[in-house]
Amino acid sequence: MKHKKTFFILLTVFITISAVALVYSNSHRNKVNASFQDPQYLIEARKNIIGIWEHEEYPDFVWEFTTNGTLVCKNEGKIQKTLSYKIVNISPICGYNVDVDEKLETMYLITTEEDGTEECNDLRFPSGYPSDYQNKKICLTALGTASIDAATIFNKK
């Protein structure tokens, strides 16, 4: 009888400690998620990319970024494919360890096809242009490409 009482007390203590730990961890996780905020330059990039962009060398090749995270790729006015997209500053992405430097405003464009295939590009809104050209140009360089000449440039329509 004495052993049953001890077992019951130990079981009750164990359950109580487990319940308290679970409640604490859930509340702590929610606080961490609630306080996380992207840097301002990422928020601005997500706003500024919305719209229609034409390839600098091939104006018939157009990308349209929508507010719902969809990228529509067109050639000569015909839809070639529709992808989802997001702009992030995380590492690793697409199997590459990348720089994440908020002072340099590093950011990456991840596009995902319907089958889940991802493509990742370094994304830049070139600076140094007069203010009326600001956010009117994007440069994309596929991750894993060493040459800066490999950048694809789009101009906002």
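Residue positions are given per chain, counted from 1 along the sequence in the order it is written. With the structure being a predicted model, the display of local features is reserved for residues of pLDDT at least 70 and the display and counting of side-chain atom pairs for 80 or more, all residues being used for whole-chain, interface and lining totals. Side-chain measures here rest on the full set of heavy atoms in the structure, leaving out hydrogens and waters.

### Overview of the sheet that holds strand 4 (residues 78-88)
Ordered by their spatial adjacency, 8 strands build a closed barrel running 1-2-3-4-5-6-7-8, and the pairing between neighbours is antiparallel. Ignoring strand direction, the axes of neighbouring strands in this sheet form an average angle of 35 degrees. Any two strands with at least two DSSP-identified bridges between them are counted as paired. Secondary structure counts use DSSP, requiring at least four H or I residues in a row for a helix and at least two E residues in a row for a strand, with both numbered from the N terminus. The sheet contact formed by strand 1 (residues 51-55) and strand 8 (residues 152-156) spans 3 bridges and is antiparallel. Bridging across to strand 8, Trp 53 finds its partner in Lys 156. Fitted lines through C-alpha atoms give the axes, limited to the stretch in contact for helices. The angle between two N-to-C directions lies from 0 to 180 degrees.

### Observations concerning the confidence of the model for the protein chain
Of all residues in the protein chain, 76% have pLDDT values of 70 or greater, and the mean over the chain is 84. What pLDDT conveys is the predictor's confidence in a given residue, as a value from 0 to 100. The contact criterion used is simple: two residues touch if any of their non-hydrogen atoms lie within 4.5 Å. In this model residues 28-35 is a low-confidence stretch, pLDDT under 50, and it forms 0 contacts with partners more than four residues away in sequence or in other chains.

### Quick notes on the pairing of strand 1
In this sheet, strand 2 (residues 61-65) lies alongside strand 1 in antiparallel orientation, the contact comprising 4 bridges. Across the sheet, residue Glu 54 finds its bridge partner in strand 2, namely Val 62. Hairpin connection, strand 1 to strand 2: the antiparallel pair is bridged by 5 residues.

### Observations concerning the side chain of Asn 121
By the secondary structure assignment, Asn 121 is in strand 6 (residues 118-124). On the basis of relative accessibility, which here comes to 6%, the residue Asn 121 falls in the buried class. In contact with Asn 121, not counting residues within four places along its chain, are Met 107, Tyr 108, Leu 109, Leu 140, Thr 141, Ala 142 and Leu 143. Exposed residues in this analysis have more than 50% of their type's maximum accessible area, buried residues have under 20%, and partly exposed residues fall in between, with area computed by a 1.4 Å probe over protein chains only.

### So, the pattern of salt bridges
One side-chain nitrogen of Lys or Arg within 4 Å of one carboxyl oxygen of Asp or Glu is enough to make a salt bridge. The final tally for this structure, using the stated rule, is 6 salt bridges. The salt bridge involving Glu 64 is made with Lys 74; its shortest N-O contact spans 3.6 Å. You can see Glu 64 sitting in strand 2 and its partner Lys 74 sitting in strand 3 (residues 70-75), a full 10 residues away along the chain.

### Digging into helix 2 (residues 40-48)
Here helix 2 has its buried residues at Tyr 41, Leu 42, Ala 45 and Asn 48. Relative to the axis of helix 2, the buried residues are bounded by an arc of 130 degrees and lie together on one face. Its buried side turned inward, helix 2 meets strand 1, strand 4 and strand 8. This arc describes the spread of directions from the helix axis toward the C-beta atoms.

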